[in-house]
Amino acid sequence: MGVRPVTGVHPRTGADRWPCQHRGMLIVGVLALVVAAVAALCLWRSLRRELSVAPARPLDFDTAVRAAEAVIAAEAADPEVRPESHGRLLSHGSRTGRAVLLLHGYTLAPDQYDELAEEFFDRGYNVWVPRAPQHGTVDLRAHHRVQADELTTYAAQALAVAEGLGDEVGVVGISGGAVLAAWLAQVPGTVVRRLLLLSPFFGPDRRQTPAFAVRPLIMLYGRSILPDRVTSRGYSLAAVTQYLSIARTLPKPPRRTGLRTAAVAISPLDGVVDLGAAERVPRRIADANAIPLQVCTLPEALGVGHNTLNLTALGADGPELRRLYIALYEGEPLPGPFPYRVGGVAPLNTGGA
């Protein structure tokens with residue numbers, strides 16, 4: 001009795017055919033792709049639902065101060081948190097007319113804002129600079145484990161504290177913190193009235209990651225379908241996709257929320273963010289609120305890259321840039337001639353104030 005062939009041609013007809021094993025592998029492969037696609041769609045819809053949460057209830061001044069001090073005290077008692085990375089509360093001792101929430105960037109900590117926080121405080125603001133979860137620890141890889149839901153919870157709780165510190169509340173965010181700032185400015189019932197976004201990470205630099213690859217990256221790395229990878233900058237793909245997933249949940253079209261001023265500062269030397277999206281996303285938010293968007297582009301000669309808060313490295317230009325950031329945040333005329341390209345973008349929606 002002959003052996004039945006598994007490759008080549010059919011023993012009777014001579015016709016070319018796929019071997020049984022190959023057909024089986026093909027069917028399994030197709031089914032795997034279908035299952036992966038359905039799972040990715042379900043995960044995407046689930047992610048959008050779980051991030052659609054409102055900020056925490058606001059606090060009065062004394063309760064807000066106690067809440068901030070309790071956070072800082074817990075960090076001081078935690079040996080895993082680096083001392084220089086504790087949250088910062090700059091308070092005038094009573095509720096002020098203006099309070100600002102400062103949200104630091106991915107891999108960094110509240111000390112990123114030290115100079116700008118002092119500038120706001122000197123101008124009469126109460127200032128809250130909280131530490132993001134999994135950041136500022138002695139374990140320098142802890143931020144790899146950060147999750148989108150804990151980031152949005154952190155941002156919402158921080159805003160509740162800031163709301164208790166002043167009558168008018170605004171948010172400044174840098175990089176991943178700018179994504180959280182934009183998210184806070186768009187949740188229903190928000191109290192955010194002023195918004196300044198520095199190097200906002202609404203998408204990765206397209207020279208590094210094309211736009212069509214962002215959603216698959218969020219699915220594969222953000223949901224741990226693939227094992228984590230760390231870039232040459234020390235960025236965990238599992239972590240940065242958490243910020244990108246939050247950016248993807250911003251409402252389209254944006255909501256009208258009572259925002260009064262909106263501004264963006266970017267550097268042409270930034271090799272991390274999609275500079276087009278850095279302007280496009282906040283402009284849509286500004287348009288929805290019928291306000292202009294101020295866009296500041298730092299000159300290449302300053303040598304500032306992604307970290308547009310690296311003011312100490314600027315030397316004599318540092319104080320000037322701090323004043324510029326304050327003016328952008330407040331929507332006020334710029335104090336004196338600045339060697340930076342600053343332009344107001346008129347709102348597309350001009351109906352009503």
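Since we're looking at a predicted model, the values are computed, not measured. (Residues numbered from 1 in each chain as written. Predicted model: local features only at pLDDT ≥ 70, side-chain atom pairs only at ≥ 80, totals over all residues. Heavy atoms only, no water.)

## A word on the packing of aromatic side chains
- This model, assessed by the stated rule, comprises five aromatic pairs.
- Each residue in the set Y106, Y235 and Y243 is aromatic and connected to the rest through ring pairs, giving one cluster. (Phe/Tyr/Trp six-rings, centres within 6.5 Å; stacked < 30°, edge-to-face > 60°.)

## Here we look at the packing of helix α4 (residues 148–165) against helix α5 (residues 176–184)
- Where α4 meets α5, the axes come as close as 10 Å, and the angle between the chain directions of the two elements is 65 degrees. The crossing of α4 and α5 is right-handed. Of the residues in α5, those touching α4 at L151, T152, Y154, A155, A156 and L159 are L180, W183 and L184.
- Its residues placed into classes, the contact of α4 with α5 shows eight nonpolar, one polar and no charged. (Axes fitted to C-alpha atoms, helices over the stretch in contact; angles between N-to-C directions. Helix = DSSP H or I, 4+ residues; strand = E, 2+ residues; numbered from the N terminus. Left-handed = near helix turned anticlockwise from the far one by under 90°. Contact = heavy atoms within 4.5 Å. Nonpolar A, V, L, I, M, F, W, Y, C, P; charged D, E, K, R; others polar.)

## Observations concerning the environment of P292
- Relative to the elements of secondary structure, P292 occurs in the loop between α8 (275–288) and β7 (293–297).
- Look at P292 and you get partly exposed, because its relative accessible area is 46%.
- Taking the C-alpha atoms as reference, P292 lies 9.2 Å from R260; in sequence the two are 32 residues apart. (Buried < 20%, exposed > 50% of the residue type's maximum accessible area, 1.4 Å probe, protein only.)

## Considering the nonpolar core
- Counting residues in hydrophobic clusters, the biggest one holds 63 residues, and the most contacted among them are L101, L184 and F202.
- A per-element tally of this core places α4 first, with 10 residues.
- Leaving out residues up to four positions away in the same chain, L184 has contacts with L101, L103, A155, A156, L159, V171, T190 and V192.
- Counting residues in hydrophobic clusters, the runner-up holds 29 residues, among them V100, F120, Y125 and Y325. (Core = buried A, V, L, I, M, F, W, Y, C linked by side-chain atoms within 4.5 Å.)

## Quick notes on a positive patch on the surface
- On the surface, R215, K252, R280 and R284 cluster together to form a positively charged patch.
- In this structure R284 comes out as partly exposed when scored by relative accessible area, which is 42%. (Patch = residues over 30% accessible without salt bridge, like charges linked within 9 Å, V, L, I, M, F, W, Y side chains within 5 Å. Areas by Shrake-Rupley, 256 points an atom, 1.4 Å probe, with all protein chains shown as cover. Salt bridge = Lys/Arg side-chain N within 4 Å of Asp/Glu carboxyl O. Lys, Arg positive; Asp, Glu negative; His and termini not counted. Charge placed at Lys NZ, Arg CZ, Asp CG, Glu CD.)

## Quick look at the pattern of salt bridges
- Within the structure shown, the criterion is met by 13 salt bridges.
- Between R82 and E84 there is a salt bridge; the shortest N-O distance is 3.1 Å.
- The exposure class of R82 is partly exposed, given its relative accessible area of 22%.
- For R95, the salt bridge goes to D167, with nearest N and O atoms at 2.7 Å. Separated by 72 residues along the polypeptide, R95 in the loop between β1 (88–90) and β2 (96–103) and D167 in strand β4 (residues 166–174) bring together distant segments of the chain.
- Connected via shared salt-bridge partners are E119, R123 and R322.

## Comments concerning the pairing of β4
- Along β4, eight of the nine residues are buried, which leaves the element largely enclosed by surrounding structure.
- Alignment of β2 against β4, held across seven bridges, turns out to be parallel. Among the inter-strand pairings, L103 is bridged to a residue of β4, identified as G173.
- The pairing of β4 with strand β5 (residues 192–198) spans six bridges and is parallel. When the bridges of β5 are listed, V169 appears paired with V192.
- Between the parallel pair β4 and β5, the chain is carried across by α5, and the sense of this crossover is right-handed. (Pairing = 2+ DSSP bridges. Right-handed = clockwise from strand over helix to strand, strands pointing away.)

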